[in-house]
Structures are given as C-alpha cells and as structure tokens.
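Understanding the architecture of this molecule
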Amino acid sequence: MSYVPAGPQVTVRWRWRRCRCRIGAIANQGDDGFSHWLASHFPHSAAYWPRYACETSLTVGVTHPDNERSFLSNHGHITVLTADDVLAQLPSQATSGDIVLLCGTFLCLELYDHYPALLAALQQRGFCVAVDTGWPPAGWSDGLRLQIGNWLADCDWLLLNEVEALGLSGAELLDESGKQLAARLSGRGGCVIKCGAEGARLWSAASVQYAAAQPVTVVDTIGAGDSFNAGFLTALLYHQPSHTALRWGIEVASQAISSSPRRYPSWQQLQLSNEVR
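Residues numbered from 1 in each chain as written. Predicted model: local features only at pLDDT ≥ 70, side-chain atom pairs only at ≥ 80, totals over all residues. Heavy atoms only, no water.

**Description of the nonpolar core**
Formally: What makes a nonpolar core is a set of buried Ala, Val, Leu, Ile, Met, Phe, Trp, Tyr and Cys residues whose side-chain atoms join them at distances within 4.5 Å. The rule is simple: take the accessible area with a 1.4 Å probe, protein chains only, and divide by the maximum for that residue type; under 20% is buried, over 50% is exposed, in between is partly exposed. Secondary structure elements follow DSSP: runs of H or I no shorter than four residues count as helices, runs of E no shorter than two count as strands, and numbering proceeds from the N terminus. Any pair of residues with heavy atoms lying within 4.5 Å of one another is described as a contacting pair.
Leu102, Leu122, Val131, Ile148, Trp151 and Leu158 are the most contacted members of the largest nonpolar core, which totals 39 residues. Here the element with the most residues in this core is helix H5 (residues 115-124); it accounts for five residues. Ignoring anything within four residues of it in the chain, the contact list for Leu158 reads Val131, Thr133, Leu152, Leu168, Leu181, Leu185, Gly190, Cys191 and Val192.

**Observations regarding the pattern of salt bridges**
A side chain with one charge can pair with a side chain of the opposite charge if their charged atoms come near. Under the convention used in this document: Only one rule defines a salt bridge in this text: a Lys or Arg side-chain nitrogen within 4 Å of an Asp or Glu carboxyl oxygen.
One pass over the full model with this rule turns up four salt bridges. A salt bridge links Asp132 to Lys194, with the shortest nitrogen-to-oxygen separation between them at 3.2 Å. Within this pair, whereas Asp132 is found in strand E6 (residues 128-132), its partner Lys194 is found in strand E8 (residues 190-194), the two being separated by 62 residues in sequence. Judged by its relative accessible area of 11%, Lys194 is buried.

**Brief notes about the environment of Ser57**
Basically, it comes down to this: In protein, a polar contact requires one atom able to donate a hydrogen and another able to accept it; more generally it is a pair of N or O atoms within 3.5 Å, and residues adjacent in sequence count only if both atoms are side-chain atoms.
Inspection of the secondary structure assignment puts Ser57 in the loop between helix H2 (33-40) and strand E3 (59-63). Linking Ser57 and Gln93, residues 36 residues apart in sequence, is a C-alpha distance of 30 Å. Engagement of the side chain of Ser57 in a polar contact is seen with the backbone oxygen of His75, the distance being 2.5 Å.

**Here's the deal with the domain arrangement of the chain**
Test applied: Domain borders in the structure are assigned automatically or taken from a domain database. Buried area is a sum: the accessible area each of two parts loses on coming together, probed at 1.4 Å, counted once for each and added. Charged means Asp, Glu, Lys or Arg here, nonpolar means Ala, Val, Leu, Ile, Met, Phe, Trp, Tyr, Cys or Pro, and polar covers whatever is left, Gly included.
If you check the domain split of the chain, you get domain 1 (29-78) and domain 2 (79-275). Taken over C-alpha atoms, the centre of domain 1 sits 21 Å from the centre of domain 2. The largest contributions to the domain 1 side of the interface with domain 2 come from Tyr52, Arg69 and Ile78, which together make up 44% of the buried area. Taken together, the connections running from domain 1 to domain 2 amount to zero salt bridges. In this structure, the connection of domain 1 to domain 2 is made through six residue pairs in polar contact (both at pLDDT 80 or more). At the level of elements, E3 and strand E4 (69-73) are the ones that each hand at least two residues to the side of domain 1 that touches domain 2. Residues belonging to the side of domain 1 that touches domain 2 are distributed by class as follows: eight nonpolar, seven polar and one charged.

**Points about H5**
Listed as buried for H5 are Tyr115, Leu118, Leu119, Ala121, Leu122 and Gln123. Buried positions along H5 lie against helix H3 (83-88), strand E5 (99-103), helix H4 (109-112) and E6. Directly beyond the C-terminal end of H5, a positive phi value near 95 degrees is found at Gly126.

**Thoughts on the state of the cysteines**
This is how the line gets drawn: Only a pair of cysteine sulfur atoms within 2.5 Å counts as a disulfide in this structure description.
Overall, the coordinates contain zero disulfides when judged by the stated rule. Distance from the sulfur of Cys103, which forms no disulfide, to the nearest cysteine sulfur (Cys108) is 7.6 Å. Judged by relative accessible area, Cys103 falls into the buried class, the value being 17%. Left without a disulfide partner, Cys128 is nearest to the cysteine sulfur of Cys155, which lies 8.6 Å away.

**As for unusual backbone geometry**
Cis peptide bonds are those with omega within 30 degrees of zero, and the linkage from Ser260 to Pro261 qualifies with 0 degrees. Checked against the element boundaries, Pro261 lands in the loop between helix H10 (242-257) and helix H11 (267-275). At His239, a residue that is not glycine, the phi angle is positive and equals roughly 60 degrees.

**A word on the packing of helix H7 (residues 162-169) against helix H8 (residues 174-184)**
Note the threshold: In this description, a line fitted to the C-alpha atoms serves as the axis of each element, helices being fitted only across the stretch in contact, and the angle between N-to-C directions of two axes falls anywhere from 0 to 180 degrees. Helix crossings are classified by the rotation of the near helix relative to the far one: an anticlockwise turn of less than a right angle makes the crossing left-handed, while a clockwise turn makes it right-handed.
With their axes 9 Å apart at the nearest point, H7 and H8 run at an angle of 65 degrees to one another. Note on packing geometry: the crossing formed by H7 with H8 is left-handed. Packed against H7, whose contacting residues are Glu162, Ala165, Leu166, Leu168 and Ser169, the element H8 presents Leu174, Ser177, Gln180 and Leu181 at the interface. In terms of residue class, the contact of H7 with H8 is made up of five nonpolar, three polar and one charged.

**Let's talk about H10**
Heads up, the condition is: Here a helix's expected span is defined as the number of its residues, less one, multiplied by 1.5 Å.
Compared with an ideal rise of 1.5 Å per residue, which puts 16 residues at 22 Å, H10 spans 23 Å between its outermost C-alpha atoms and is within 8% of the ideal. Among the 16 residues of H10, 14 are classified as buried, and the element is accordingly described as predominantly covered.

**A short note on the pairing of E6**
Look at any regular strand and the pattern is simple: side chains alternate between the two faces of the sheet. Heads up, the condition is: Two strands pair if DSSP finds at least two bridges between them.
Of all five residues that make up E6, four are buried, and the element is covered over most of its length. Taken together, the five bridges between E5 and E6 define a ladder with parallel strand orientation. Following the sheet pairing, Cys103 is matched in E6 by Asp132. Taken together, the two bridges between E6 and strand E7 (residues 157-161) define a ladder with parallel strand orientation. Bridge pairing links Ala130 to Trp157 in E7.

Structure follows, in structure tokens:
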C-alpha cells in the first residue's frame with residue numbers, strides 16, 4: 001500500500017516518481033534473505049517498517065497467450081501486517097489532498113480483519129482513501145461481500161477491473177455493478193472500473209464517465225492496474241477533474257504494457273495530453 005502526500009513496490013516507486021509525486025510505501029518486512037533486497041528499493045520508507053520473524057511474501061505473475069494473468073503468492077510477511085503497523089507510519093493528521101491507497105486487500109490476512117476500523121481511522125485523520133482490492137484467492141461469496149460492505153462507506157475511491165467489479169457487486173452487467181458500488185461509497189469519489197483495451201469507466205454520485213484507450217501493441221500486461229492507479233491518483237493530487245484522471249490512468253497503463261523494458265510517461269507528457277484535448 002502507498003501513502004501519497006499532496007503536492008510536489010519496486011516498479012511502483014518509479015511509476016509514481018515519473019509522475020512527480022512524493023510517496024511513502026507503508027509496509028512491514030520479514031527476516032529472510034529477500035528482506036534487505038526489498039527494503040533497498042524503498043530507502044525512505046523501509047526504515048519505518050516493522051520486522052517480523054517470517055519469510056518475505058513473493059508473487060509470481062504468469063501471462064497467458066490471451067494476455068490474461070495468473071498470480072501465485074506465498075503467505076509471508078504481508079499476512080501479519082496490522083492496522084497498528086499502518087497507522088504508525090502515517091501522520092496523525094493528513095494535509096489537504098493526501099491519499100492513502102490500500103491494495104492487496106485479501107492477501108493481508110491480519111489487516112483485512114480490521115479493515116472497517118482502519119478505514120474509519122484514516123477518514124478521521126483526514127485522508128482520501130482509495131482501495132484496489134484485487135481478486136480473493138477463494139473467489140467471491142455472499143459472506144465476503146457482506147464483510148466488505150462494513151467498510152465501503154469509508155472508502156472514497158474504489159479501483160477495480162471488470163471481473164473484480166462484477167464479483168464484488170454480484171451484478172450481471174457492468175453498468176449495474178458500477179452504479180451499485182458507487183452508491184455504497186463515501187460520496188466523495190467514485191467507483192472506477194478498468195476495462196483493459198476498452199479504456200476505463202467511472203461512476204460517481206454526480207455522473208457516469210468513460211474514457212477510451214488508444215490501440216497499443218501489448219507486450220506484458222503485468223502491473224497494468226497498478227500503473228493505471230498511479231496515473232489516476234496523480235491527476236487527483238494535482239486537482240485535475242475526474243475525466244482527466246481517467247485519461248492519465250489509461251496513458252500510464254498503456255505505455256507500461258506496450259514497452260519492454262518498461263516505459264512510463266513523463267510529467268510533461270501527461271501535462272501535454274491535457275493541452276491537446
């Protein structure tokens with residue numbers, strides 16, 4: 001998860017910095033051989049990470065011929081991250097515009113049990129709260145949807161892909177899903193659904209918006225959703241309207257998945273995309 005202060009994971013850090021954002025990676029760490037390697041990529045954040053006597057969590061991403069992905073993860077350190085760990089690494093009072101992005105919801109087993117209290121505490125401190133849940137390893141169920149319903153009202157932005165949105169809402173149609181989820185949020189943001197080659201959609205209390213994606217030659221889709229999140233939230237940090245945030249998210253993700261080695265748009269390119277529209 002990341003804390004993105006207002007104003008001026010390994011590749012995640014670079015995505016945000018290309019967008020000229022200061023970030024803090026909120027995490028914990030294990031005590032095996034991978035711990036030092038992981039911490040070395042976050043030198044300004046890792047000093048505050050609590051250490052646990054456990055292995056480091058690792059995920060292997062597999063891209064299939066149709067560009068769909070499968071992710072294989074061990075348990076490791078992220079399963080013991082606590083709400084106290086998270087709150088201890090954040091200011092007691094946010095400044096205007098500060099955003100906390102919570103991700104890997106269902107992999108952080110200890111943290112997930114305290115999501116209602118955590119999101120309520122973040123709201124009380126004045127943070128804008130965004131959540132990218134990911135896919136639950138055991139699939140969606142009515143019980144899981146009921147649990148998530150306990151904290152959605154303290155979530156400002158929900159950032160999902162199509163199958164996650166349909167799974168979380170239980171709806172059959174994407175439009176129905178977006179409307180239903182947006183109505184359950186705080187009302188200060190909205191539900192964003194990332195639709196791959198079809199662009200992205202946003203449902204809020206005020207409107208429904210859509211932004212198209214330009215065709216690109218796909219090289220590797222791993223990290224596409226994270227890249228979108230970086231572009232989208234960067235636009236919000238710089239007080240851009242939500243339709244611009246959708247475009248920036250799509251632009252960052254499109255460049256990422258169509259390049260090897262990975263490229264991300266510069267701050268100047270994102271600004272230019274505003275001027276030419």
